[in-house]
Amino acid sequence: MKKIFLAVLMALCTLSISAQSSMTDDQVMAKVAQMNAAGKSQAQIVTQLMQSGVDISQIRRVRDKYQKAASQKNTLGMKSDNTGTRLRQQNGQLNRRNNIDNSSTYRESSISLDDDYTNYDANGAQAPLNDKQKDLLRQQEIQDMISNLDDLTPKDSTRLLQLMIQQQQDRNKPRIFGHDIFNNDKLTFESDMNIATPQHYRLGPGDAVNIDIYGASQKSVTATISPDGDVVIEGYGPVNLSGLTVAQANAKLRRTLGSRYRSSQIKLTVGQTKTITVNVMGEVKSPGTYTLSAFATVFQALYMAQGVDDIGTLRNIKVYRHSRLISVVDLYDYILNGKLTGNVRLADNDVIIVGPYDCLVQITGKVKRPMFYEMKKNESLNSVIKYAGGFTGDAYRKIVRVSRKTGKEHTVFNVSEFDFSSFRINDGDSVSVDSVLPRYENTVELKGAVFRPGLYHISGECNSVHSLIEQAEGLTEDAFTNRAIIHRMKPDRSLEVLSLDLEGIMSGRVADVPLKENDVVFIPTKTEKNIKRTLTIRGEVLYPGIYEYADNETLEDFILQAGGLTDKASVAKVDVSRRVMNPKATEIDSIIGKTYSLSLKDGFVVDGEPGFILMPYDEVYVRKSPAYSDQQNVVVNGEVMFPGTYTLTKRNARLTDLLQAAGGANSLAYIKGARLERRVNEDERKRMETILKMAQEEKRQSLSSQLLSSSNTASAQLLQQQQQQELNELKVPDYYPVGIELDKAIKNPESDANIILREGDRLVLPRYNASVKINGSVLYPNTVTYERGKSARYYIDAAGGFAQNARKGGAYIIYMNGMVGQVSHGAKIEPGCEIYVPSKLTRKWTPAEYMSMGSSFASLATMFATIWSILK
């Protein structure tokens, strides 16, 4: 969490605003924590804090306060960890820093695109990310902004455009070999602090020394060389050691303390070393002065400066000490050969100068590492190829093309392989390595019906068609040997075709044909092998489908291959349809197919041609026996002697047959009220679903019209929800009622009232019900006792009479047996029936219709006024 706080606060330091903040430092930290927990990006946190009035001075104060506390904590931890040990620890700057406040490129009035991309180490020190890390963060921010395009402010849109432009510019930058070596955080070039101290190491202020006296006297002194160059030895006084090497310091101590400790040995060792100050200048990303450990090298100093910039040299880095050149570093020697030549150990006030490159060359094409390379002026083309990792396997090596800018125009050199070492490279040269030609030398190709098709080398053993086929281990069984072809390339690389009598060549009857380079020999396959021949069987077999044709297969064999006949199959009629093929026909024939009908017994043909041989593409149809039928069950419930499930015994079984099978009706049954429920079959279900969809669409249109005419939005929405729920609940039922008159069917079994049953029917015989139900548009829907001879009006009056919106002439009666009758047509009241009075259809006018009517009335009024004025 502390890292996140410091990261955001450091990013804030790059902004400038004149608003004054009323927030305390603790409130600023709490606000940052709150926004970070909400998952906001650093850019969003920056924007909101600045809008809240947090100014630069307060941000810097909070940042410095936090860094000071973190530094004290780490210092205390270091001291406690080192108690009792003489091992050295890394000192100086441990991480790359970018001093934003003091940088000459810092501008208070603007924000760099990469200001938000700042990393912090465990000590709270600011460590800017390398180019690769910045690119990844930039890509992530672009993706986040694109995914929230609708929420972008104008400022965010401007930043998105800038980020995309920056990303494209970074992609277009030349990729120079070695320039990213100092962008690897795992390659810090830190020196080993616990090596044996070199005897030529010069002591200076800040060095911790251990003086051990052993022998006749035992004593150890640990001291740090003061800024004056002295160490204080207890009982003796100060001794000046600054500027001496370790060997010289040992000699001086022996001379100085020898008279006091004559019978003892004196030895000086170096503990924690001092830090040195090194200046890194020139073409580096972060030039400046760096505090490093005394064992730091040139590479570590360059790492701290974040490496060279786009024009910095890697081949001629100079190190100066006391204004004298002491080393020249060539990083390519380290990268390519692992040599540390020139990577000297630095001293206090050393200056490292990184100048611009002398020669930059691009190499493209068929090399292992195509990119830009920095070259020295005396290096050759061969060096460029070596730096690029050498040629790839498909490179054309005889000639390499070099494009050069002469200052006036472009020039191209074709350098042969013998001149690679002598051809000198200039700055801006572009080297291109071509690939080999997509051709084969001294090669022929064999395709088609052979065991091993492919490319073959023309040699003494393989130089003709016969020897080529033998090399391919011969022809396959389905090879068409009457004719083969050779595609041969003419001198102008156009093709010609040669026909071969392959059978004659293989038998020796025809002269063999010699092969030429790039010949392609094609051996065709027999036509029937190229086209898959099939047989099809449909109908009452266990495994109907399409099967591969086999010669001499009989109908009996094919039926057995399909798993044999099912129980439903008819052996009296098996049909075989066959294609009519006449390749010599010159006109359309009216006959397009031929059918054979056969009978079977015990799996063999007894009526027709025994052993009927099938031909390719025949289709066999095994019909269902007309006498076969699955059990069809019906159900009878209610007041019968034996209710339950019964199986239909004949196709035209009727109501009375089912009632008779159930033992007839008992004494409680109300025969006139018997009803039939029929299960919906597939055809009926499809028809009902079509009607249901039409009804739903009509209801939706009516609902839309009501919503447009409604002035109360809340009521309209509630109405819409209710009616939408009703629409969703509409579905096709599994059963539907069938109106029957069982009493008439019993009285006259041969009449149409005795309907034919079908599978799934349910017959229900209810008890006598001496009541009548009144429902619909009546004042008080009710159920009353049945009274013989009373009219429908009597029962409606018993329910309070007609309602105001009742459609009196449309009342109807629903009987217990499922029949329906209109009251106006004289339908009689029966026990257990229901009288239903429908409502009048009401239509609400839409506002548009009211406006239209108003316009019409206004027009009429205008017309009447005009007529009246004329009459007057």
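Values in this document were obtained by computation on a predicted structure and should not be read as measured data.

**Brief notes about the overall build of the protein**
Piece 1. Scanning the protein for helices and strands turns up 20 helices and 38 strands.
Piece 2. Residue burial in the protein is summarised as follows: out of 872 residues, 37% are buried.
Piece 3. A total of about 51,600 Å² of accessible surface is found on the protein, and carbon and sulfur atoms cover 51% of it.

**Details of the nonpolar core**
Piece 1. Residues Ile352 and Leu381 are the most contacted members of the largest nonpolar core, which totals 73 residues.
Piece 2. Looking at this core element by element, the count peaks at 6 residues for helix H8 (residues 298-304).

**A closer look at the pairing of strand E21 (residues 495-500)**
Piece 1. The sheet contact formed by strand E20 (residues 484-489) and E21 spans 6 bridges and is antiparallel. Paired with Ile485 across the two strands is Ser499, which belongs to E21.
Piece 2. In this antiparallel pair of consecutive strands, E20 and E21, the connection spans 5 residues, and Arg493 shows a positive phi of 65 degrees.

**Details of the pairing of strand E35 (residues 782-785)**
Piece 1. Sheet topology note: the strand E34 (residues 771-776)/E35 ladder contains 4 bridges and is antiparallel. Following the sheet pairing, Lys773 is matched in E35 by Thr783.

**Quick look at helix H7 (residues 246-257)**
Think of an α-helix as 3.6 residues a turn; residues three or four steps apart then line up on the same face.
Piece 1. Here H7 is 12 residues long and its end C-alpha atoms lie 16 Å apart, about the 16 Å a rise of 1.5 Å per residue gives.
Piece 2. Among all positions in H7, only Val246, Ala249, Asn250, Leu253, Thr256 and Leu257 are buried. Around the axis of H7, the buried residues are gathered within 135 degrees of arc, so they sit on the same side.
Piece 3. If you follow the buried residues of H7, they end up packed against strand E3 (208-215), strand E5 (230-233), strand E6 (237-240) and strand E7 (264-270).

**A word on the sheet that holds E21**
Piece 1. Within the open sheet, the 5 strands sit side by side as E19-E18-E22-E20-E21. Their pairing is mixed. In this open sheet, the two strands that pair with only one neighbour each are strand E19 (454-457) and E21. Here the strands of the sheet are splayed against their neighbours by 25 degrees on average, with no regard to which way each runs.
Piece 2. Pairing between strand E18 (residues 443-448) and strand E22 (residues 520-523): 4 bridges, direction parallel. In the strand pairing of E22, Lys447 is matched with Phe522.

**So, the sheet that holds E7**
Piece 1. On the basis of which strands lie adjacent, the open sheet formed by 3 strands has the order E4-E3-E7 and antiparallel pairing. The sheet is open, and its two borders are formed by strand E4 (219-224) and E7, each paired with just one other strand. Strand-to-strand twist in this sheet, taken as the mean axis angle between neighbours without regard to direction, amounts to 15 degrees.
Piece 2. Bridging between E3 and E7 involves 7 bridges; their strand directions are antiparallel. Bridge pairing links Ile213 to Ile266 in E7.
Piece 3. The sheet strands contacting H7 are E3 and E7, and the helix crosses E7 at an angle near 145 degrees.

**Observations concerning the environment of Tyr794**
Piece 1. Checked against the element boundaries, Tyr794 lands in helix H19 (residues 792-798).
Piece 2. A distance of 3.1 Å separates polar atoms of two side chains, one belonging to Tyr794 and the other to Glu787.

**Some remarks on the environment of Glu496**
Piece 1. Position of Glu496 among the secondary structure elements: in strand E21.
Piece 2. Residues in contact with Glu496, not counting those within four places in the same chain, are Ile486, His487, Arg488 and Lys490.

**Here we look at the packing of aromatic side chains**
Piece 1. Following the criterion strictly, the structure yields 13 aromatic pairs and no others.
Piece 2. Note on Tyr547 and Phe558: the rings are 5.6 Å apart at their centroids and 90 degrees apart in plane angle, and the pair reads as edge-to-face. In this pair, Tyr547 is assigned in strand E24 (residues 545-548) and Phe558 in helix H14 (residues 555-561), connecting sequence segments 11 residues apart. The burial state of Tyr547 is the same as that of Phe558; both residues are buried.
Piece 3. Ring geometry for Tyr596 versus Phe612: centroids 5.2 Å apart, planes at 55 degrees, classification tilted.

**Quick word on the environment of Thr224**
Piece 1. Following the sequence through the fold, Thr224 ends up in strand E4.
Piece 2. Residues Thr224 and Thr273, 49 residues apart in the sequence, show an inter-C-alpha distance of 9.4 Å.
Piece 3. Each residue touching Thr224, except ones within four places of it in the same chain, is listed here: Gly206, Asp207, Ala208, Asp230 and Val231.

**Comments concerning the side chain of Thr256**
Piece 1. Following the sequence through the fold, Thr256 ends up in helix H7.
Piece 2. Of the polar contacts made by the side chain of Thr256, one reaches the backbone oxygen of Lys252; its length is 2.8 Å.

**Re unusual backbone geometry**
Piece 1. Positioned with a positive phi, His322 is a non-glycine residue whose angle comes to about 55 degrees.
Piece 2. With respect to the helices and strands, His322 occurs in the loop between strand E10 (317-321) and strand E11 (324-329).
Piece 3. A positive phi angle is found at Arg493, which is not glycine, with a value near 65 degrees.
Piece 4. Relative to the helices and strands, Arg493 is located in the loop between E20 and E21.

**Quick look at the side chain of Glu553**
Piece 1. Looking at the element boundaries, Glu553 is found in the loop between E24 and H14.
Piece 2. Filtering out sequence-adjacent residues up to four positions away, Glu553 remains in contact with Leu535, Phe558, Gln561, Phe612, Ile613 and Leu614.

**Here's the deal with the confidence of the model for the protein**
For residues with low pLDDT, the predicted coordinates do not support detailed interpretation.
Piece 1. Taken residue by residue, the protein gives an average pLDDT of 80. The fraction at 70 or more is 77%.
Piece 2. Across the protein, the secondary-structure element scoring lowest on mean pLDDT is helix H1 (residues 2-12), at 46, and the one scoring highest is strand E12 (residues 351-354), at 96.
Piece 3. Overall, residues 848-852 carries pLDDT values under 50, and its contacts beyond four positions in sequence, including any with other chains, amount to 3 contacts.

**A word on a nonpolar patch on the surface**
Piece 1. Nonpolar side chains collect at one region of the surface, where Tyr396, Ile399 and Val436 lie side by side and expose about 230 Å² of accessible area between them.
Piece 2. Structurally, Val436 is set in the loop between strand E17 (430-433) and E18.
Piece 3. A residue is classified by how much of its surface remains accessible, and Val436, at 42% relative accessible area, is partly exposed.

**Focus: the pattern of salt bridges**
Piece 1. Within this structure, the stated rule accounts for 26 salt bridges.
Piece 2. The partner of Asp519 in a salt bridge is Arg488, with the nearest N and O atoms 2.7 Å apart. Pair noted here: Asp519 is in the loop between helix H12 (502-507) and E22 and Arg488 is in strand E20, with a separation of 31 residues, a long-range link.
Piece 3. Owing to a relative accessible area of 9%, Arg488 belongs among the buried residues under this scheme.

Conventions adopted
- Residues numbered from 1 in each chain as written.
- Predicted model: local features only at pLDDT ≥ 70, side-chain atom pairs only at ≥ 80, totals over all residues.
- Heavy atoms only, no water.
- Helix = DSSP H or I, 4+ residues; strand = E, 2+ residues; numbered from the N terminus.
- Buried < 20%, exposed > 50% of the residue type's maximum accessible area, 1.4 Å probe, protein only.
- Areas by Shrake-Rupley, 256 points an atom, 1.4 Å probe, with all protein chains shown as cover.
- Core = buried A, V, L, I, M, F, W, Y, C linked by side-chain atoms within 4.5 Å.
- Pairing = 2+ DSSP bridges.
- Expected span 1.5 Å × (residues − 1).
- Arc of directions from axis to C-beta.
- Contact = heavy atoms within 4.5 Å.
- Axes fitted to C-alpha atoms, helices over the stretch in contact; angles between N-to-C directions.
- Polar contact = N/O pair within 3.5 Å; in protein donor to acceptor, adjacent residues only side chain to side chain.
- Phe/Tyr/Trp six-rings, centres within 6.5 Å; stacked < 30°, edge-to-face > 60°.
- pLDDT = per-residue confidence, 0-100.
- Patch = residues over 30% accessible without salt bridge, like charges linked within 9 Å, V, L, I, M, F, W, Y side chains within 5 Å.
- Salt bridge = Lys/Arg side-chain N within 4 Å of Asp/Glu carboxyl O.

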